[in-house]
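# Coordinates in review
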Amino acid sequence: MDLKLKDKTALVTGATAGIGLEIARRLSMEGADVIICGRSQTKLDAAVADIGPNVRAVLADPATAEGAEALIEAVPDVDILVNNLGIYESKPFAEITDEDWRRFFEINVLSGARLSRHYFPGMLKRDWGRVIFIASESGVMVPPDMIHYGMTKTAQLAISRGMAALTKGTRVTVNTILPGTTRSDGIIDFLKSVATDPHAASETIEAEFFARDRPTSLIQRMIEPEEIASLVAYVASPLSAAANGAALRADGGITPTII
C-alpha cells in the first residue's frame, strides 16, 4: 500500500533507538524526508547510518528550551511531527522527588508542547499536517509504581485532544498513540526491577509481568517497535484523514470510555 508520504517532511524526536528509531525508519521507507534529533552526535550518526536514505540528524535536545530553539532554527517547518521523546522508571510514590516530577514533565511533556507550539500554526496555514504524540497505556491506566510517568502520558493526551479541537475544517490532524509495553533497549532490565525473581529467565519475567501488571492486554506480550512504527506511518499518512483527536491503544487492551 502506498501511504502517499513521498516528499512529506517528518521530524521524529527520541529517534536514536527503540520505537523512535523504527518510526523514523518506516517513514523513510515510505518516502518521507525524515529529521531526527538528539543529544549525542555519535548516536545520531549511528541512527542515520542504520536507517539509510531520506534521513538527516540535528544535534539538539527539545527537552530544553535552548535545544528546542536550536532544532526549530535548523528545521523551520515540517509536515509531520512525531513527539516520541520520553523517559520512564519504576519508583515508589513516596520517593518521587520534586526534581523527579520536574524532570519527567520537562522531557515527556514540554518537549512535545514546545515543538507543537511552533510547527502546528504552520500546518494550519498550509492546510495539511500531522502531529502525533507517542504516549502510553499508562496515560489511562496509571501504574502505581510509575505515577510520575503516567502523569506525563495523561498530560500528552490532554494536549493532543485540545489541539485536535483547533483543527476543525482543516486537513490537519492531531492524534495520540498509546503503546503497551514495547520491546526496546533496557526493557528487560526494567522488567527485572519489578519482577518477583529478577534472576528468572527473561521469558518467565515477561509472562509474569503481563499476568500480574498488564492483565487487560489482549496480546499478552511485548509489542515490537516495528508494529508501533507501522501504526504511526498510517496515522501520518493522508490516508488517515478521518482519524483526528483519537487515542489509539496499540496492544488491544481496554481504554476507559472517558477518553
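One structure accompanies this document, and this report is about it. Everything numeric here is computed off the predicted structure, so don't read it as measured data.

Rules of the game
Going along each chain's sequence as written, the residues are numbered from 1 onward. Local features in this predicted model are restricted to residues of pLDDT 70 or higher, and side-chain atom pairs are both shown and tallied only at a pLDDT of 80 or more, whereas totals for entire chains, interfaces and linings draw on every residue. Excluded from the side-chain calculations are hydrogens and water; all other atoms, namely the structure's heavy atoms, are used. Strands here are runs of E lasting at least two residues and helices are runs of H or I lasting at least four, both read from the DSSP assignment and numbered beginning at the N terminus. The buried label goes to any residue with under 20% of its type's maximum accessible area, the exposed label to any with over 50%, and the partly exposed label to all in between, with areas taken from a 1.4 Å probe on protein chains only. Any two residues whose heavy atoms approach within 4.5 Å are treated as being in contact. Here the Shrake-Rupley method, with its probe set to 1.4 Å, supplies the accessible areas, and only the displayed protein chains count as covering residues. Under the convention used here, Asp and Glu are negative, Lys and Arg are positive, and both His and the chain ends fall outside the count. For this purpose, a charge sits on NZ of Lys, CZ of Arg, CG of Asp or CD of Glu. Identification of polar contacts relies on pairs of N or O atoms within 3.5 Å, with a donor-acceptor requirement for protein atoms, meaning one able to donate a hydrogen and the other able to accept it, and with residues adjacent in sequence counted only if both atoms are side-chain atoms. Only strands that DSSP links by at least two bridges are regarded as paired with each other. Between N-to-C directions, angles cover 0 to 180 degrees, with each direction set by a line fitted to C-alpha atoms, over the stretch in contact for helices. To estimate how far a helix should reach, multiply one less than its number of residues by 1.5 Å. Here a pair means two rings of Phe, Tyr or Trp (six-membered ring of Trp) with centres within 6.5 Å. Their orientation is stacked below 30 degrees between planes, edge-to-face above 60, and tilted elsewhere. Placement of a positive charge over a ring is assigned whenever Lys NZ or Arg CZ falls within 6 Å of the ring centre and within 35 degrees of the normal to the ring plane.

## Regarding the overall build of the protein chain
When you go through the protein chain residue by residue, the secondary structure sums to eight helices and seven strands. Seen through its C-alpha atoms, the protein chain measures out along the principal axes to roughly 55 × 45 × 40 Å. For the protein chain, the proportion of its 259 residues judged to be buried stands at 49%. A separation of at least 24 residues holds for 68% of the contacts in the protein chain among residues at least 6 apart in sequence. Roughly 11,900 Å² of accessible area belongs to the protein chain as shown, and the carbon and sulfur atoms make up 56% of that amount. Side chains of the protein chain give 26 positive and 33 negative charges; the mean places of these two sets differ by 7 Å.

## A look at the environment of Thr182
By the secondary structure assignment, Thr182 is in the loop between strand 6 (172–178) and helix 6 (187–193). Residue class for Thr182 comes out buried when judged on its relative accessible area of 8%. Taking the C-alpha atoms as reference, Thr182 lies 5.0 Å from Met222; in sequence the two are 40 residues apart. Apart from residues lying up to four places away in sequence, Thr182 is in contact with Ile19, Ile187, Met222, Ile223, Glu224, Pro225 and Ile228. Reaching out from Thr182, the side chain makes a polar contact with the backbone oxygen of Gly180 at a distance of 2.9 Å.

## What about the sheet that holds strand 3 (residues 55–59)?
Spatially, 3-2-1-4-5-6-7 is the arrangement adopted by the seven strands of the open sheet, whose pairing is parallel. The open sheet is flanked by strand 3 and strand 7 (247–249), the only strands paired with a single partner. Strand-to-strand twist in this sheet, taken as the mean axis angle between neighbours without regard to direction, amounts to 20°. Where strand 1 (residues 9–12) and strand 2 (residues 33–38) come together, four bridges link them in parallel fashion.

## What to know about the environment of Trp128
Mapped onto the elements, Trp128 comes out in the loop between helix 4 (98–126) and strand 5 (129–134). Spatially, the C-alpha atom of Trp128 lies 9.2 Å from that of Ile80, the residues being 48 residues apart in sequence. Residues within four places of Trp128 in sequence aside, it is in contact with Lys8, Asp79, Ile80, Met123, Arg171, Val172, Ala236, Ser237 and Pro238.

## Thoughts on helix 1 (residues 18–29)
In an α-helix, one turn spans 3.6 residues, which is why side chains three or four residues apart end up on the same side. With 12 residues, helix 1 should reach 16 Å at 1.5 Å per residue; the first-to-last C-alpha distance of 17 Å fits that figure. Taken across its 12 residues, helix 1 has 10 buried, putting it largely inside the fold. Every buried residue of helix 1 is accounted for by Gly18, Ile19, Gly20, Leu21, Glu22, Ile23, Ala24, Arg25, Leu27 and Ser28. The inward-facing, buried residues of helix 1 contact strand 1, strand 2, helix 2 (41–51), strand 4 (80–83), strand 5 and helix 8 (225–236). Within two residues after helix 1, Gly31 carries a phi angle of roughly 100°, on the positive side.

## Some details on the packing of aromatic side chains
Summed over all chains, the structure comprises five aromatic pairs. Ring centres 6.3 Å apart and planes at 65° place the aromatic pair Tyr88 and Tyr149 in the edge-to-face group. Of this pair, Tyr88 sits in the loop between strand 4 and helix 4 while Tyr149 sits in helix 5 (residues 147–164), and the two are 61 residues apart along the sequence. Relative to Phe190, the ring of Tyr88 lies with its centre 5.4 Å away and its plane at 90°, an arrangement referred to as edge-to-face. Of the two residues, Tyr88 is situated in the loop between strand 4 and helix 4 and Phe190 in helix 6; the sequence distance between them amounts to 102 residues. A residue is classified by how much of its surface remains accessible, and Phe190, at 10% relative accessible area, is buried. An aromatic cluster is present here, built from Tyr88, Tyr149, Phe190, Phe209 and Phe210 joined pairwise through their rings. Between Lys8 and the ring centre of Trp128, over which it is positioned, the NZ or CZ distance is 3.9 Å.

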